[in-house]
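Examining the three-dimensional arrangement
Chain residues, written in single-letter form:
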Amino acid sequence: MIHVGLTGGVASGKSAVATQLAKLGAVVIDADKLAREVVAPGTEGLAQIRQAFGHQVLASDGSLDRAALGALVFSDEAQRLKLNAIVHPLVRAEANRLRAAASSEAVVVEDIPLLVESGQADRFDLVLVVQAPHDERIRRMVEDRRWSVAEAESRMAAQASDADRAAMADHLLMNDGTLEQLQAQVTELFEKELNR
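Residues numbered from 1 in each chain as written. Predicted model: local features only at pLDDT ≥ 70, side-chain atom pairs only at ≥ 80, totals over all residues. Heavy atoms only, no water.

Bringing the layout of surface pockets into the picture now. Of the volumes computed, that of the largest pocket is approximately 1,400 Å³. Taken together, 47 residues make up the lining of the largest pocket; nearest its centre are Asp32, Phe74, Pro113, Leu114 and Arg155. Looking at the lining of the largest pocket, the elements that each hand over two or more residues are α1 (14–23), α2 (31–37), α4 (66–73), α5 (77–101) and α7 (149–157). In terms of residue count, the dominant contributor to the lining of the largest pocket is α5 (eight residues). (1 Å grid on protein atoms, 1.4 Å probe; cavity = no way out; pocket = protein on both sides within 12 Å on 5 of 7 lines; lining within 4 Å. Points joined across faces, edges and corners; volume = space filled by probe spheres on them. Helix = DSSP H or I, 4+ residues; strand = E, 2+ residues; numbered from the N terminus.)

Taken in spatial order, the five strands of this open sheet run β2-β3-β1-β4-β5, and their pairing is parallel. In this open sheet, the two edge strands, each paired with only one partner strand, are β2 (27–30) and β5 (171–174). Taken pair by pair, the neighbouring strands of this sheet meet at an average axis angle of 20 degrees, ignoring direction. In the packing of helix α9 (residues 179–194) onto the sheet, the strands contacted are β1 (2–8), β3 (107–111), β4 (126–131) and β5, and the crossing angle to β5 comes to about 165 degrees. (Pairing = 2+ DSSP bridges. Axes fitted to C-alpha atoms, helices over the stretch in contact; angles between N-to-C directions. Contact = heavy atoms within 4.5 Å.)

Below, the discussion takes up the packing of aromatic side chains. Aromatic rings considered in pairs are described by the distance between their centres and by the relative angle of their planes. Considering all chains together, one arrives at zero aromatic pairs under this definition. The ring of tryptophan 147 carries the charged tip of arginine 155 above its face, separated from the ring centre by 4.6 Å. (Phe/Tyr/Trp six-rings, centres within 6.5 Å; stacked < 30°, edge-to-face > 60°. Lys NZ or Arg CZ within 6 Å of the ring centre and 35° of its normal.)

Inspection of every chain in the model, using the stated rule, returns 12 salt bridges. Salt-bridge contacts for arginine 123 lead to glutamate 110; the nearest nitrogen and oxygen are separated by 3.1 Å. One end of the pair, arginine 123, is in the loop between β3 and β4; the other, glutamate 110, is in strand β3, with 13 residues separating them in the sequence. Judged by its relative accessible area of 3%, glutamate 110 falls in the buried class. Two residues, aspartate 162 and arginine 165, come together in a salt bridge whose shortest N-O distance is 3.0 Å. With aspartate 162 and arginine 165 both in helix α8 (residues 162–168), this residue pair falls three residues apart, about one helical turn. Take aspartate 162: its relative accessible area is 29%, and that puts it in the partly exposed class. Via salt bridges that share partners, Glu117, Arg137, Asp162 and Arg165 belong to a single interconnected network. (Salt bridge = Lys/Arg side-chain N within 4 Å of Asp/Glu carboxyl O. Buried < 20%, exposed > 50% of the residue type's maximum accessible area, 1.4 Å probe, protein only.)

Here it is in structure tokens:
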């Protein structure tokens, strides 16, 4: 088994890389998906968030109000750290369970947006980092996600810098061209480095 950590800043193209790796046969474990699952209604994660942040982060149906929680944590580092202390261990435990269930011959890729920030690089055989130009990332968030420029800048500021992520990278994928060019980079990397 080859255990790969995949990361990149918001709107860098990390999801496109994960999708291509899955098409090539990798087992992809999506930390964002797990983060949603571990705070679903009825989970211990949601109970802990309610206790830490109060009922104002819950929707009327009792589920997590992601917008309300996001507004709280992306403008306050202490609040963000409190949330991460709840969610990250739950996500890590579920990811470990999924990895253990994979074939011993698998290429297992954990797609973790905050891999560098959460100090997880040493858990992996290889770390792949996806980067894209700053202005292109802002454009994607504004046009594709309908965020304001201020929201986009705030999200980027809450994450590790490109330099910090690059320092942890065994392989750096630059997403400064077309989707097809990015997919070709991923395919070449998979065939030469990962699928041994």
